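# Residue-level structural notes
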Amino acid sequence: MMFPTDYAVAPDEFARMVEERGFESLFFPEHTHIPASRETPYPGGGDLPQEYSHTYDPFVALTAAAAATENLRVSTGICLVVERDPITTAKEVASLDRLSGGRFLFGVGAGWNVEEMANHGTDAGRRFGVMRERIEAMKAIWTQEEASYHGRYVDFDAIWSWPKPLTDPHPPIIVGGNGERVLERVIAFGDEWMPNRIGDPAELEARIARLGELAEEAGRAAPRVSLYAAPAKAGEVARYDEAGVSRYVFFAPPVGRPEAEERLDHLASVVEEYRAAGS
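The sections below set out a description of the structure shown in this document.

Regarding its fold elements, the protein presents nine helices and nine strands. Its C-alpha atoms give the protein a radius of gyration of 18 Å, near enough to 19 Å, the size a compact globule of 279 residues would have. Within the protein, the proportion of its 279 residues that are buried is 49%. The contacts of the protein with a sequence gap of at least 6 include a subset with a gap of at least 24, amounting to 68%. When the accessible surface of the protein is totalled, it reaches about 12,800 Å², and 48% of it is carbon and sulfur. For the protein, the centre of its 28 positive side-chain charges and the centre of its 45 negative side-chain charges are spaced 2 Å apart.

As structure tokens, this is what we get:
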């Protein structure tokens, strides 16, 4: 995962570097803007890093990344669907999935910046309901020739919208977040869960087990789990692997090409160390 910014290595260059080193996927996060008021505190503590206000649009950046690669999967990590029109976003998802040859993963979330949501007309207190309805509406658009949706926050009569995604029935919906109700949201409208880094693998293992229980109760297969911004240490990879993590998402800072190559080489060496220890 890297914030694709106007001052970092270009998204297409970075994607080629990632693919050359054998990584499975590349995640780009999203912030449409950052309110200058800065009333909502940064969850990481301290000042908000500048990359949050310098990101490219993720669908534009991921299209460049997909065009520059052959096998690399490209993903929003995450797309702030509560700040987006669902009809427009459904078309962007379907377009990118088709143009990438079915390599798109749709990471979604509700966000944390209250003022940012408000600028898009979203009440932070209702954002999870908004997220659910917008995703359900997009699923209808992707899977129905004449799609309609009638909810509290999303409402439209029958529409025609093509292209449909290449991935059947649609790209995997990866629900991000660590909140108390996130597992229920994964079961309700997601295909996978992607928590931010959880420091104790035992805690994550317990939540993964609970996710499996909820899936069984719902009559569906247990969703895969990705760990976002995971620690870059071979021993940690092994511990989270044992906890049930399926995809391990490393962080790369938004820097120039030489520094980015150095970081990717380090991450590739971590993977090799992990594999060697398990062989």
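This is not the end of the story, as more comes after the structure.
This next bit is on the sheet that holds strand β3 (residues 104-109). Taken in spatial order, the seven strands make up an open sheet running β1-β2-β3-β6-β7-β8-β9, and their pairing is parallel. Looking along the sheet, the strands with just one partner apiece sit at the ends: β1 (25-28) and β9 (247-248). The pairing of strand β7 (residues 192-194) with strand β8 (residues 224-227) spans two bridges and is classified as parallel. By the bridge assignment, Trp-193 is partnered in β8 with Val-225. Across the face of the sheet, helix α2 (residues 58-67) comes into contact with β1, β2 (73-80) and β3 while running at roughly 175 degrees to β2.

The next point concerns the environment of Met-1. Note on placement: Met-1 falls in the segment before α1 (11-20). Those residues in contact with Met-1, other than ones at most four positions away along the chain, are Phe-27, Pro-29, Tyr-228, Val-249, Phe-250, Phe-251 and Ala-252.

What counts as what
- Residues numbered from 1 in each chain as written.
- Predicted model: local features only at pLDDT ≥ 70, side-chain atom pairs only at ≥ 80, totals over all residues.
- Heavy atoms only, no water.
- Helix = DSSP H or I, 4+ residues; strand = E, 2+ residues; numbered from the N terminus.
- Rg over C-alpha atoms; globule rule 2.2 N^0.38 Å.
- Buried < 20%, exposed > 50% of the residue type's maximum accessible area, 1.4 Å probe, protein only.
- Contact = heavy atoms within 4.5 Å.
- Areas by Shrake-Rupley, 256 points an atom, 1.4 Å probe, with all protein chains shown as cover.
- Lys, Arg positive; Asp, Glu negative; His and termini not counted.
- Charge placed at Lys NZ, Arg CZ, Asp CG, Glu CD.
- Pairing = 2+ DSSP bridges.
- Axes fitted to C-alpha atoms, helices over the stretch in contact; angles between N-to-C directions.

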